[in-house]
Amino acid sequence: MPLILQIFLLVGVLCYLSIILLMLKRKRLNLQYTLVWFFSAAFLLIITFFPELVKTLSKAIGISLPSNFIFIAVGVFTLLIVLSLTSVISKLTNQTYRLTQNQALLEARIRHMEEHVDNG
Amino acid sequence: MVIKVLIIIPAYNEAGSIKAVVDTLIQNYPQYDYVVVNDGSTDNTLQICRDCQFNYLDLPINLGIGGAVQTGYLYAKENNYDIAVQLDGDGQHNPEYIERLIAPIIKQEVHMVIGSRFLNKKGFQTSFLRRMGILFLKVVIRLCCGLRLSDVTSGFRAASKPLIVLFSQNYALDYPEPEAIVTSSVNGFSVVEVPVEMNARTAGKSTITAGHSVYYMIKVSLALLISRLNGKAHWRK
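One structure accompanies this document, and this report is about it. For clarity, every value in this text was computed on a predicted model and none was experimentally measured.

### Here we look at the state of the cysteines
Every disulfide links exactly two cysteines, by a covalent bond between their sulfur atoms. Residues and elements named next belong to chain B. Summed over the entire model, instances satisfying the criterion amount to 0 disulfides over all chains. The thiol of cysteine 52 is not disulfide-bonded; the next cysteine sulfur, from cysteine 49, is found 7.6 Å away. Overall, the relative accessible area of 27% leaves cysteine 52 in the partly exposed class.

And the structure:
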């Protein structure tokens, strides 16, 4: 890989990492959900420093063009991130359900108490 | 010992029928308590409950039938009821059969009783396509847990106290009826059916529309298999 491309990639990855860190610092992201983003950044960083790794890995799993390996890696990471998002949404849905149900139960209790007070 | 029975009435946009349903219960069946669960209706179901001073729970957002019924189970658990009966707010279910539904639980023979419209083949029998769907789910449930039931999507059912606790923690969000059967069965609770007659709904429309039926069948079958694979739920007795 030419040095200029390596430098370009490095700058890109560093930008990416600093955006994640900045968002974390400003509490726009929760740490528990950013692990998969850090993983992808780490992967990119490794590739930037050891481009030969891509060739070796491609050969090892039978991909003739190293660039195709990158495309697959991008797809895999995207899938992982989308999956993690779906899991977060599912968790949030369950929590919303619980909260809604509890709010309905509490509202009824308050209503009954108020009626009791009004009548007594 | 007096057995406390709660009738859970899930209601989503049932302004046209809810008053008649609840009034019948209050007048003819005062021995049972009831609670209407208004599932974020956009019509004036809530207003009717308020004006008539019904006992109701008001969900501020629409959770769907599973979330609404589960709220009823939470209420039953909180108020220490022995038996919970689900009765639709659309007038499909005839309260005269409640006694028949709860009898096997009172005798402590079983934990869950389902009102089946197909056992005696009387009353409203629903459309051909829907019966085909039910037939398919019947087979899936039989393969899943070996239960021979005829009306697996019936929402007219009764649950014992231990099941109330289980359902209050563990209930499917959408299309929960068949899944609740599997949940009960894999957790070691017996399920039986008793014959009932159902009416065609007086107002409102079914939650399952024709366009959704394929999605419904796939989703429910998958849910049944997963709850079968899950085995016993982790729940606090």
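### Points about the packing of aromatic side chains
Residues and elements named next belong to chain B. Following the criterion strictly, the structure yields 6 aromatic pairs over all chains and no others. Aromatic pair tyrosine 29 and tyrosine 32: ring centres 6.2 Å apart, planes at 10 degrees, arrangement stacked. Taking relative accessible area as the criterion, tyrosine 32 reaches 10% and is therefore assigned buried. Between phenylalanine 167 and tyrosine 171, the aromatic rings sit 5.0 Å apart at their centres with planes inclined by 75 degrees, giving edge-to-face as the arrangement. An identical accessibility class is assigned to phenylalanine 167 and tyrosine 171; each is buried.

### Observations regarding the layout of surface pockets
It is the rolling of a water-molecule-sized probe over the atoms that shows where space remains empty. Empty space within the second largest pocket amounts to approximately 640 Å³. Surrounding the second largest pocket, 25 residues form its lining, Asn170(B), Tyr171(B), Ala172(B), Leu173(B) and Glu179(B) being those nearest its centre. The set of elements that each furnish at least two residues to the lining of the second largest pocket consists of helix 4 (66-119) of chain A together with helix 7 (176-186) and helix 8 (213-230) of chain B. Within the lining of the second largest pocket, the residues separate by chemical class into 8 nonpolar, 12 polar and 5 charged.

### Quick notes on the pattern of salt bridges
Residues and elements named next belong to chain B. Counted according to the given criterion, the structure contains 4 salt bridges over all chains. Between lysine 19 and aspartate 23 there is a salt bridge, and its shortest N-O distance comes to 2.8 Å. With lysine 19 and aspartate 23 both in helix 1 (residues 18-28), this residue pair falls 4 residues apart, about one helical turn. We classify lysine 19 as partly exposed; its relative accessible area is 40%.

### With respect to the sheet that holds strand 7 (residues 191-195) of chain B
All names here are of chain B. With mixed pairing, the 7 strands of this open sheet are ordered in space as 3-2-1-4-6-5-7. Only two strands of the sheet have a single partner each, and these edge strands are strand 3 (56-59) and strand 7. In this sheet, neighbouring strand axes are inclined to one another by 20 degrees on average, regardless of whether the strands run parallel or antiparallel. Sheet analysis places strand 1 (residues 5-11) next to strand 2 (residues 33-39), joined by 6 bridges and oriented parallel. Bridge pairing links isoleucine 9 to valine 36 in strand 2.

Basis of the calculations
- Residues numbered from 1 in each chain as written.
- Chains lettered and ligands numbered in written order.
- Predicted model: local features only at pLDDT ≥ 70, side-chain atom pairs only at ≥ 80, totals over all residues.
- Heavy atoms only, no water.
- Disulfide = S-S within 2.5 Å.
- Buried < 20%, exposed > 50% of the residue type's maximum accessible area, 1.4 Å probe, protein only.
- Phe/Tyr/Trp six-rings, centres within 6.5 Å; stacked < 30°, edge-to-face > 60°.
- 1 Å grid on protein atoms, 1.4 Å probe; cavity = no way out; pocket = protein on both sides within 12 Å on 5 of 7 lines; lining within 4 Å.
- Points joined across faces, edges and corners; volume = space filled by probe spheres on them.
- Helix = DSSP H or I, 4+ residues; strand = E, 2+ residues; numbered from the N terminus.
- Nonpolar A, V, L, I, M, F, W, Y, C, P; charged D, E, K, R; others polar.
- Salt bridge = Lys/Arg side-chain N within 4 Å of Asp/Glu carboxyl O.
- Pairing = 2+ DSSP bridges.
- Axes fitted to C-alpha atoms, helices over the stretch in contact; angles between N-to-C directions.

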